[in-house]
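# Residue-level structure breakdown
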Amino acid sequence: MNASPFEPKPRLAISACLTGLSVRYNAGHKASALCLELLQEHFDWVPLCPEVAIGLGTPREPIRLVGDPEHPVVTGTRNGATDLAGPLRAYGEQMADELDDICGYIFMQKSPSCGLE
Ligand code: SF4
């Protein structure tokens, strides 16, 4: 069934790289055909990139989670000196407060910032 052009579509947050925005560490994207060809008709995207939002550039050094899975440290894969866990956690909490009108969120799998595991 097609979405009505007269009714607002539900807002769905999504990892920005899945919409084709070039925000990944390598200045690329992970455009999702499922999202862009099938779901886009039914939802208004709210693209979010936590890494760009906390001020990391594009391109940038990739980051990873290390240490205690309950309280991981977030470091660069080459330079482990900086811990970005605090800014990423603060951004996540800010977005959880602000995004009170979304119906869901599509996360990029395996991302240290967007992934769920
Ligand atoms: S932080 Fe999320 S939105 Fe940004 S590039 Fe990584 S997976 Fe994509």
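It should be noted that the structure appears before, not after, this text.
Residues numbered from 1 in each chain as written. Predicted model: local features only at pLDDT ≥ 70, side-chain atom pairs only at ≥ 80, totals over all residues. Heavy atoms only, no water.

### Examining the overall build of the protein
Going by this rule: Under the scheme used here, helices are H or I runs from DSSP no shorter than 4 residues and strands are E runs no shorter than 2 residues, and both carry numbers assigned from the N terminus. Each residue is assigned to one of three classes by its accessible area relative to the maximum for its type, calculated with a 1.4 Å probe on protein chains only: buried under 20%, partly exposed between the two thresholds, exposed over 50%. The charge count treats Lys and Arg as positive and Asp and Glu as negative. His and the chain ends do not count. Taken as the charge location is NZ of Lys, CZ of Arg, CG of Asp or CD of Glu.
Along the backbone of the protein there are three helices and five strands. Counting from the amino terminus, helix and strand elements in the protein follow one another as β-α-β-α-β-β-α-β. With the principal axes as the frame, the protein shows a C-alpha extent of 50 × 30 × 20 Å. Across the 117 residues in the protein, those meeting the buried criterion constitute 30%. One way to put it: in the protein the 9 positive side-chain charges average out to a point 11 Å from where the 15 negative ones average out.

### Things to note about helix α3 (residues 85-98)
Along an α-helix, residues three or four apart share an orientation, since each turn contains 3.6 residues. Filter applied, for reference: Take the number of residues in a helix, subtract one, and multiply by 1.5 Å to get its expected span. Within this analysis, the arc is defined by the directions that extend from the helix axis to the C-beta atoms.
The terminal C-alpha atoms of α3 lie 20 Å apart, and with 14 residues this matches the ideal 20 Å at 1.5 Å per residue to within 8%. Along α3, the residues classified as buried are A85, L88, Y91 and M95. All buried residues of α3 lie within an arc of 135° about the axis, which places them on one face of the element.

### What about the pattern of salt bridges?
Cut-off, in case you're wondering: Any Lys or Arg side-chain nitrogen found within 4 Å of a carboxyl oxygen on Asp or Glu counts as a salt bridge.
Per the stated rule, a full pass over the model turns up two salt bridges. In this structure, R11 engages D101 in a salt bridge whose closest nitrogen and oxygen atoms are separated by 2.8 Å. You can see R11 sitting in strand β1 (residues 11-15) and its partner D101 sitting in the loop between α3 and β5 (102-106), a full 90 residues away along the chain. For R11, a relative accessible area of 32% puts it in the partly exposed group. A salt bridge links R60 to E51; the shortest N-O distance between them is 2.8 Å. In this structure E51 comes out as buried when scored by relative accessible area, which is 9%.

### Here's the deal with the nonpolar core
To be explicit about the condition: Side-chain atoms within 4.5 Å are what join buried Ala, Val, Leu, Ile, Met, Phe, Trp, Tyr and Cys residues into a set we call a nonpolar core. Two residues qualify as a contact provided that any one of their heavy atoms is within 4.5 Å of a heavy atom in the partner residue.
Counting eleven residues, the largest nonpolar core consists of L12, I14, A16, C17, L18, V23, C35, W45, C49, M108 and C114. The contact partners of I14, leaving out residues within four places of it in the chain, are T19, C35, W45, V46, P47, L48, Y105 and I106. Among the nonpolar cores identified, the runner-up in size contains six residues, and A13, L48, Y91 and L99 belong to it.

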